[in-house]
Amino acid sequence: MKIINEMNLSFLSKSSNEGFARSVVASFVLNLDPTINELADIKTAVSEAVTNCIVHGYKMEHGVIYINGKITDSNKVIIKIRDKGCGIEDVEKAMEPLFTTAPEEERAGLGFAVMQSFMDNVKVSSKPLKGTTVTMEKTIIPRTK
Amino acid sequence: MVKTEYKNNTLTAYLSGEIDHNCAGSIRSQIDGQAENLHPGTLLLDFSKVSFMDSSGIGLIMGRYRTMALLGGNLKVVNVPERLQRIINLSGVGALGVLK
């Protein structure tokens, strides 16, 4: 597996940047000629991960969110979304569908379930007080020309 | 974005554009403000013009279900485009019986 393209993006954890972040990742992936559904899946997963950084990682205070995107020669997109926020004590618990620590924000507790369902593979690594990294992969099915 | 219309005891909220965490809060307060003033028998959430939504849209539906339950009315979610079906199905909001 060889990396044939890569991008890095960092931005403030303002919720007005959620649309910006998912649009940038979508534009990056456009090189692979994804279907509308594949692109929507990636945008939705990125939106969930970035919202988690803002609402949970930085608890609505300002920090920096980092996105690294890679494309491999086997049409795989690898997206890493990282914050240096509070971290997650119990990753397994956080990933349970409907579990949320922000019900007053009307968070449905579906962020990780959406990422897992819309991407091929999702990994979460987190350390309390250090931050959280979500790594997601999705292979874009090549279309016959 | 949201535009509301009140007719025949029904408050309709026409949602449009991209629904994410950034805009969900203001949509929520606009709809709840109207609902609390008007006490409609039915709140209709119309998704026909929504181009994108993440789980914030699901939170919006679940929250309005609660708002309407508290006000003694009911919620209906209408015109969900094909592109939003996956997240709607995944969320299980169908179990609330609100999807029309």
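Small disclaimer: the values here were computed from a predicted structure and weren't measured. (Residues numbered from 1 in each chain as written. Chains lettered and ligands numbered in written order. Predicted model: local features only at pLDDT ≥ 70, side-chain atom pairs only at ≥ 80, totals over all residues. Heavy atoms only, no water.)

Colleague: Whenever I open this one, the sheet that holds strand E2 (residues 10–19) of chain B confuses me. Can you help?
Modeller: Within a sheet, adjacent strands bond to each other through the backbone by hydrogen bonds, running parallel or antiparallel. Residue and element names in this part refer to chain B. With respect to topology, four strands assemble into an open sheet ordered E1-E2-E3-E4, the strand pairing being mixed. Across the chains shown, the open sheet's two edge strands, defined by having one partner strand only, are strand E1 (2–7) and strand E4 (74–78). Taken over all neighbouring pairs, the strand axes of this sheet differ in orientation by 20° on average, direction set aside. Pairing of strand E3 (residues 42–53) with E4 involves five bridges; the strand directions are parallel. Residue Leu43 lies in a different strand from E4, and its bridge partner there is Leu75. Together, E1, E2 and E3 form the strand contacts of helix H1 (residues 21–38), whose direction differs from that of E2 by roughly 175°. (Pairing = 2+ DSSP bridges. Helix = DSSP H or I, 4+ residues; strand = E, 2+ residues; numbered from the N terminus. Axes fitted to C-alpha atoms, helices over the stretch in contact; angles between N-to-C directions. Contact = heavy atoms within 4.5 Å.)

Colleague: Even after reading the chapter, I still don't get the packing of helix H1 (residues 18–29) of chain A against helix H2 (residues 36–57) of chain A, so can you show me in this structure?
Modeller: All names here are of chain A. Interaxial distance between H1 and H2 falls to 9 Å at its minimum, and their mutual angle equals 140°. Seen along the crossing, H1 lies across H2 with a hand that is right-handed. Residues Glu18, Ala21, Arg22, Val25, Ala26 and Val29 of H1 pack against Leu39, Ile42, Lys43, Val46, Ser47, Val50, Thr51 and Ile54 of H2. Classifying every residue of the contact of H1 with H2 by side-chain character gives nine nonpolar, two polar and three charged. (Left-handed = near helix turned anticlockwise from the far one by under 90°. Nonpolar A, V, L, I, M, F, W, Y, C, P; charged D, E, K, R; others polar.)

Colleague: Got a minute to help me understand a positive patch on the surface in this structure?
Modeller: Side chains of Lys80(A), Arg82(A), Lys84(A) and Lys123(A) sit close together on the surface and give a patch of like positive charge. Mapped onto the secondary structure, Lys84(A) falls in the loop between strand E3 (76–83) and helix H3 (91–94). (Patch = residues over 30% accessible without salt bridge, like charges linked within 9 Å, V, L, I, M, F, W, Y side chains within 5 Å. Areas by Shrake-Rupley, 256 points an atom, 1.4 Å probe, with all protein chains shown as cover. Salt bridge = Lys/Arg side-chain N within 4 Å of Asp/Glu carboxyl O. Lys, Arg positive; Asp, Glu negative; His and termini not counted. Charge placed at Lys NZ, Arg CZ, Asp CG, Glu CD.)

Shape is all these values report; function is a separate question.
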